[in-house]
Amino acid sequence: MSAIRTFLLSLIVCCASLATPTPLNAEMGAAVGQTPLKDGQVLRGRFEQERFLVGFEAPLKTAGSFTLVAGGGLIWRAETPFAVTTVMSPAGLVQEVDGAKTMSLASARIPFMTKLYSMLSGALIGNWSDLEGTFKIARTGDAKKWELRLTPIAANDPAMPIEAIIVRGKRLVEDVVVIRSAGDRDHLRFSGQSLETVAPTSDELALLALAKQL
Amino acid sequence: MTLRRRAAIAWLAIVVAAACFLAWHFQRGLPLNTDLMALLPREGQESAAQKARDAVSQNLGRRILVLVGHPSRAQARAAASSLSDSLDATGLIEPDTASGAQAMLKLAQLYLPYRAGLLSDADRGLLEAGRGKEVAKRALGQAFGVGGTGESLIARGDPFLLLPSFLMQLPSPMPRAAWDEGLLSVSEAGKTWVLLVRSLAREPFALDVQERLNAAYSQSVATLKAAHPGVEVYRTGAVFFADAGARTALGEASTLGALELGGTILLILAVFRRLGPLLLNGLAGLIGAAMGLVSCLVLFGEVHVFALLFGTSLLGVVVDYGLHYCSTEFEPDAGTPNERLASIMPGLLLSLVTTLIGYVALTLAPLHGLLQIAIFSVFGLAAAFATVVLWFPILDSGRRTRAAGWVLRAASQPFDFWEAGRWRLMRQGLLCLGVAVALVGLARIETNDDVRGMQALAPDLVREQQAIFTATGANTSSEFVLIEGADDETALRRQEAIRPIVAELRAQGAIAGALFPADFIPSSGRQRENRRLVQRELDPLLAAHYAALGLSGARPAASPSNTEPLTLAQATDSGAFDFLRNLVLAPGVHTGLLQGLKRPDLVRDALSHVAGVRLVEPAAEISALFAKYRQRTVILIAVSAALMLIPFAFRYGGAGALWIMLPPVASIVLTPAILSLIGAPFNFFHAMALVLVLAIGVDYSVFCAESRDSSRATTMVAILLAATVTLLSFGLLVVSTAPAISSFGSGMLIGITLAFVLAPLSGRCRSPSAISSHPALDRSRQDRGQQPLPWVNAE
């Protein structure tokens, strides 16, 4: 039974990680020579997400901002059409809709969360080893304009919901497409990214604390 | 041909047939059973609980967990796959059908049509409280937030994502492990651990299964460690513990057997100073052990390794008769072999009868292992007796030696001590000491029959098991919850009714988790209620919900058209729930597993008032049964002692019978008192030792009482030899690493020593044969018109 639960939860966090621009941003950066996120740095930016789901006439569109605090966690705020805030930390994931907590998943209950965080951390320092165990990574282009294509190493594995991940960028990551096995697809575009060394705001710290308390 | 010759030939035929039977069995492989549970009582529990205990114990017993860890995920996975292949190649492992992905697909197919009846506790609580909008809001958050929980389900008839919520709350037997590309894995402290969960296709207590699996495991681990430096491998499972236990037991059996055999041979050679008695007694011992083994194989189809261990020790007891016969050659007026046999025949017969009373008492305890030991002993002793009586006079060359002076002096010391005037003060002092020891010891006596303390678990395996439990959270306890109802529906409803109690127990820290069939398949009643809740609380929100998702047009309702609830039978037939078959024992009889059980008392109390639900604690119940049978055994000993008085009263009179019984009874009273004084709590195995102390102690008493004044020294030689051999065989068990066997050994060591030292007290009563057992005296019996003693003139 743990198979099902952990699979679904793995799916959530896997999608989350793959849809999350910042770590990939950093990884791409590492891959193409960009300096990865260091301790004490905060990466901020905006995103637009289109989710193409089978059976839906139109994609689910979301827009908002993200904040990655090195060593602290990730805050993913969808602003339109709803205020949905997702906070991830080594301790787990918390989601709020319109300010009310709707989901809380502890890493202790979802072991993949721990793996995810180690993956994120690895990505932040430009370490591909965690992803390389799961995906074949093909790089094209140069430091000015590049593309990475990640495909699962294990073919036809029903436990792997991802068919491919395509990441494009110039100096920073600009575009991520996650193609899922079921025919669904997520398309993320990033803009306004900035790497800061200022401390997170009290609001951000409060959100990160929520996820740490799990 | 005389009657005895015919009987001797018939006995030869039986022995030859038994030897052929044994040879045939040895050729096929001796069917040895190493299941420690087979020693345990099976009486006193209702059948459902017993059946549940057996089922849970079998399921847990066949399970094997292997944890492979390495800093490199790839190496950990490669090593785990290699080890898995090695184990599978033994052919002893069930095919692995529980791959996470395959199980997930089957489960999704099973659950999807019934999703409206499957609500998580949280969603159900919200809907009951009229807070359906919060459920809708969560679904929107998942759809528009980062990642998501299978949002494609929204378009497939689960707009509020109720099924993912239900799936996420399902309990797991391995709470900390997750499927990672087909392998259950845990990442911790910079290491990847891969957990292999397998089930044995055969019983874990068969020696060949243990040997083959362990050989494959050890070889594979050695190869892995060479190929993947830094790899760590841990294992747990009853098959590994049983293998270690069997190795220890067999190792001890061979070591103790060798010590006993060597000691016995040296002793006999030292006393008799020729080979004849050694060969005769060796023959009697061999035939006794062989017939004991044959009796077990015929009656049970197998031999328990414990019976074999005790049976090996029995060799030391069966030589008693032969030693007693051989010792008569030291008597100055000993006659022919037939006459010597006749002189001790009454004692031998009485000894056999009373000893058999003691062993038969063992059969009254409903312990399969002890029943085998009792059968082994009864047939072994009877066979040794027949060999001595029928063959010894024929095989005995009639050659005699004189006993060494030191032997006679040593052997006569106890008689001297109890009768010589110079020891009077010492005797009185010893008497006072004995009374004081008995009073103080018995007043302070403590009992402890906790079966968990009687198993000698290999420390390395315990450490490995703990490492696996810590890493994976797979700490399912042997205690479990038994739920009984008229049918499955009733049983499932009862599980749902105790869910708040279980949650409270988790909150209290009494348990870390629980796993019930109703967690996976709610009762039909609960599913119907859930569906009504969904219709009432969520269907009205549907239009707005779809609009928020940007979906238009006709859309399916949240409550699907399928109105039939999902049944247990469908679930078990689906193949998605292999483990469910283990939890559902019969219609209406289910079990719930507990994880990380820390406070069984709280769980027991919390469930005690719930109809049809109770905590089953196999170890505690078995311990309680051991305590009950310890008490019964003590009563049994008293009854046996009382029964023995009857034949003794006929032969020695009332007072004589009491003198006969004084030494063995004093021994069995003083033994627990001494154990108490040295701080050993009295347990069931001590009590079982007392059964033998009584039986053997009575032997010594009878031999002393039957001894004529002139032959006291030689009688005591026989008893000294017998006691020494018994101590070599049983007393040595005190050094066993298995606490149960060690307890038995300590009881025997103290009891037999006391029985030997006190035995001459019985000499204060005079038996008829003590007055007339010599051939010359028998002739005088005939002169007086009395019948000669049996066997004397059989030829």
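As the structure is a computational prediction, the values presented were derived from the model and not from experiment.

1. Details of the pattern of salt bridges
This model, assessed by the stated rule, comprises 28 salt bridges over all chains. With a closest N to O distance of 2.6 Å, Glu-204 of chain A and Arg-44 of chain A form a salt bridge. Of the two residues, Glu-204 of chain A is situated in helix α5 (residues 202-212) and Arg-44 of chain A in strand β1 (residues 42-52); the sequence distance between them amounts to 160 residues. In this structure Glu-204 of chain A comes out as buried when scored by relative accessible area, which is 5%. Residue Arg-499 of chain B pairs with Asp-519 of chain B through a salt bridge whose shortest N-O separation is 3.1 Å. Remark: Asp-519 of chain B occurs in helix α20 (residues 517-520) and Arg-499 of chain B occurs in helix α19 (residues 499-508); sequence separation between them is 20 residues. Each of the two residues, Arg-499 of chain B as well as Asp-519 of chain B, counts as buried. Through salt bridges that share partners, Arg-274, Glu-329, Arg-340 and Asp-396 of chain B make up one connected network.

2. Notes on the packing of aromatic side chains
The tally for this structure, following the rule as stated, stands at 16 aromatic pairs over all chains. Consider the rings of Trp-193 of chain B and Tyr-234 of chain B, whose centres lie 5.9 Å apart with planes at 25 degrees: the pair is stacked. Of this pair, Trp-193 of chain B sits in strand β5 (residues 191-199) while Tyr-234 of chain B sits in strand β6 (residues 232-236); the two residues are 41 residues apart in sequence, bridging distant segments of the chain. On the basis of relative accessible area, Trp-193 of chain B is assigned to the buried category, the value being 10%. Residue classification places Tyr-234 of chain B among the partly exposed residues on the basis of a relative accessible area of 22%. Here a set of aromatic residues connected by ring pairs shows up, and it is made of Phe-47, Phe-66, Trp-76 and Phe-190 of chain A. We note Arg-185 of chain A situated over the ring of Phe-52 of chain A; from NZ or CZ to the ring centre the distance is 4.0 Å.

3. Focus on the environment of Arg-168 of chain A
Residues and elements named next belong to chain A. Along the chain, the position of Arg-168 falls in strand β9 (residues 162-169). A relative accessible area of 34% places Arg-168 in the partly exposed class. C-alpha separation for the pair Arg-168 and Glu-147, spaced 21 residues apart in sequence, amounts to 4.4 Å. If near-sequence neighbours (up to four positions away) are discounted, Arg-168 is found in contact with Trp-146, Glu-147, Val-173, Glu-174, Asp-175 and Val-177. Reaching out from Arg-168, the side chain makes a polar contact with the side chain of Glu-147 at a distance of 3.2 Å.

4. Considerations on a nonpolar patch on the surface
Residue and element names in this part refer to chain B. On the surface, a nonpolar cluster with roughly 450 Å² of combined accessible area is contributed by Leu-261, Ile-265, Leu-269, Leu-275 and Leu-279. At the level of secondary structure, the elements contributing two or more residues to the nonpolar patch comprise α10 (238-272) and α11 (275-300). Here the element with the most residues in the nonpolar patch is α10; it accounts for 3 residues. Inspection of the secondary structure assignment puts Leu-279 in helix α11. Taking relative accessible area as the criterion, Leu-279 reaches 59% and is therefore assigned exposed.

5. Quick look at the pairing of strand β7 (residues 135-141) of chain A
Residues and elements named next belong to chain A. Across 7 bridges, the pairing between β7 and strand β8 (residues 146-152) is antiparallel. The residue bridging Ile-137 from the neighbouring strand is Leu-150, located in β8. Here β7 folds back onto β8 in antiparallel fashion, the turn holding 4 residues.

6. Some details on the environment of Ala-246 of chain B
Residues and elements named next belong to chain B. Mapped onto the elements, Ala-246 comes out in helix α10. Relative accessible area serves as the criterion here: at 4%, Ala-246 is assigned to the buried category. As a C-alpha pair, Ala-246 and Val-305 span 59 residues in sequence and 7.5 Å in three-dimensional space.

7. Focus: the confidence of the model for chain A
Residues and elements named next belong to chain A. Overall, the prediction assigns chain A a mean pLDDT of 70, with 66% of residues at 70 or greater. Mean pLDDT across the elements of chain A ranges from a minimum in helix α1 (residues 2-19), with 34, to a maximum in strand β2 (residues 60-69), with 88. Every residue in residues 1-35 scores below 50 in pLDDT, and together they form 115 contacts with partners more than four places removed in sequence or on other chains. The low-confidence segment residues 118-126 (pLDDT under 50) makes 17 contacts with residues lying over four places distant or belonging to another chain.

Rules and cut-offs
- Residues numbered from 1 in each chain as written.
- Chains lettered and ligands numbered in written order.
- Predicted model: local features only at pLDDT ≥ 70, side-chain atom pairs only at ≥ 80, totals over all residues.
- Heavy atoms only, no water.
- Salt bridge = Lys/Arg side-chain N within 4 Å of Asp/Glu carboxyl O.
- Helix = DSSP H or I, 4+ residues; strand = E, 2+ residues; numbered from the N terminus.
- Buried < 20%, exposed > 50% of the residue type's maximum accessible area, 1.4 Å probe, protein only.
- Phe/Tyr/Trp six-rings, centres within 6.5 Å; stacked < 30°, edge-to-face > 60°.
- Lys NZ or Arg CZ within 6 Å of the ring centre and 35° of its normal.
- Contact = heavy atoms within 4.5 Å.
- Polar contact = N/O pair within 3.5 Å; in protein donor to acceptor, adjacent residues only side chain to side chain.
- Patch = residues over 30% accessible without salt bridge, like charges linked within 9 Å, V, L, I, M, F, W, Y side chains within 5 Å.
- Areas by Shrake-Rupley, 256 points an atom, 1.4 Å probe, with all protein chains shown as cover.
- Pairing = 2+ DSSP bridges.
- pLDDT = per-residue confidence, 0-100.

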